[in-house]
Amino acid sequence: MATAIVRKPASFRLRADLLERMKRNAARENRTLNNYVECVLLDAVYDEPNEVTKAAIEEAMSGKNPNKIYSSVEEMFNDILSEE
């Protein structure tokens with residue numbers, strides 16, 4: 001059973017140029033202005049990665065990852081080219 005999301009009306013005073021740009025962006029994405037603004041705000045507020053991503057980041061930072069870590073792109077390309 002899906003849980004209903006409660007929405008409350010809100011009013012904001014925005015710069016006219018910002019509002020027009022948001023309207024254009026929403027139209028370009030075939031979305032309502034309300035939906036567009038809600039998505040932008042959700043992206044800004046909920047920027048923390050989920051548990052799977054957190055675990056992957058921790059594993060990569062721990063050095064336990066069996067993949068080789070390169071200090072530069074040049075080092076990586078040299079390694080790739082030497083395998084051929």
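Residues numbered from 1 in each chain as written. Predicted model: local features only at pLDDT ≥ 70, side-chain atom pairs only at ≥ 80, totals over all residues. Heavy atoms only, no water.

Enquirer: Would you take a moment to explain the overall build of the protein for this structure?
Expert: If you tally the helices and strands in the protein, you get four helices and zero strands. Secondary structure elements of the protein occur, N-terminal to C-terminal, as α-α-α-α. Against the 2.2 N^0.38 benchmark of 12 Å for 84 residues, the protein shows a C-alpha radius of gyration of 22 Å, more extended than a compact globule. Once the C-alpha set of the protein is aligned to its principal axes, its extents read approximately 60 × 35 × 25 Å. Of all 84 residues assigned to the protein, the portion counted as buried reaches 6%. For the protein, the computed accessible surface area is about 8200 Å², with 56% contributed by carbon and sulfur atoms. Taking the 12 positively charged and 15 negatively charged side chains of the protein as two groups, their mean positions are separated by 16 Å. (Helix = DSSP H or I, 4+ residues; strand = E, 2+ residues; numbered from the N terminus. Rg over C-alpha atoms; globule rule 2.2 N^0.38 Å. Buried < 20%, exposed > 50% of the residue type's maximum accessible area, 1.4 Å probe, protein only. Areas by Shrake-Rupley, 256 points an atom, 1.4 Å probe, with all protein chains shown as cover. Lys, Arg positive; Asp, Glu negative; His and termini not counted. Charge placed at Lys NZ, Arg CZ, Asp CG, Glu CD.)

Enquirer: Where do I start with unusual backbone geometry in this structure?
Expert: Glycine aside, a negative phi is what most residues show, and trans is what most peptide bonds show. We note that Asn-30 has phi near 55 degrees; this positive angle belongs to a residue other than glycine. Taking relative accessible area as the criterion, Asn-30 reaches 72% and is therefore assigned exposed.

Enquirer: Even after reading the chapter, I still don't get the packing of helix α1 (residues 16-28) against helix α2 (residues 33-45), so can you show me in this structure?
Expert: Helix packing geometry: the angle between the two helix axes and the distance between the axes. Interhelical geometry of α1 versus α2 gives an angle of 100 degrees and a closest axis separation of 9 Å. Looking at the two axes, α1 sits roughly perpendicular to α2. Between α1, through Leu-19, Met-22, Lys-23, Asn-25 and Ala-26, and α2, the contact on the second element is made entirely by Leu-33, Tyr-36 and Val-37. Taken together, the residues that form the contact of α1 with α2 break down as six nonpolar, one polar and one charged. (Axes fitted to C-alpha atoms, helices over the stretch in contact; angles between N-to-C directions. Parallel < 35°, antiparallel > 145°, perpendicular 65-115°, else oblique. Contact = heavy atoms within 4.5 Å. Nonpolar A, V, L, I, M, F, W, Y, C, P; charged D, E, K, R; others polar.)

Enquirer: Is there a simple way to think about α1 in this case?
Expert: For an α-helix, 3.6 residues make a turn, and residues three or four places apart therefore share a direction. Over its 13 residues, α1 extends 18 Å from the first C-alpha to the last, a length consistent with the 18 Å expected when each residue adds 1.5 Å. Within the span of α1, buried status applies to Met-22, Asn-25 and Ala-26. What you see down the axis of α1 is that its buried residues fit within an arc of 100 degrees, all on one side. Facing away from the buried surface of α1 by more than 90 degrees, the exposed residues are Ala-16, Arg-21, Arg-24 and Arg-28. Where α1 is buried, its residues contact α2. Looking at the residues trailing α1, positive phi occurs at Asn-30, about 55 degrees. (Expected span 1.5 Å × (residues − 1). Arc of directions from axis to C-beta.)

Enquirer: Mind showing me how you'd approach the pattern of salt bridges here?
Expert: Pairs can form between side chains of opposite charge whenever their charged atoms are close. Inspection of the entire model under this criterion finds six salt bridges. We note a salt bridge from Lys-54 to Glu-51, for which the minimum N-O separation is 3.5 Å. Pair noted here: Lys-54 and Glu-51 are both in helix α3 (residues 51-62), with a separation of three residues, about one helical turn. One network of salt bridges, in which partners are shared, links Glu-48, Glu-51 and Lys-54. (Salt bridge = Lys/Arg side-chain N within 4 Å of Asp/Glu carboxyl O.)

Enquirer: Where do I start with the environment of Glu-59 in this structure?
Expert: Of note, Glu-59 is situated in helix α3. For Glu-59, a relative accessible area of 43% translates into the label partly exposed. When the C-alpha positions of Glu-59 and Ser-82 are compared, they lie 28 Å apart, and in sequence the two are 23 residues distant.

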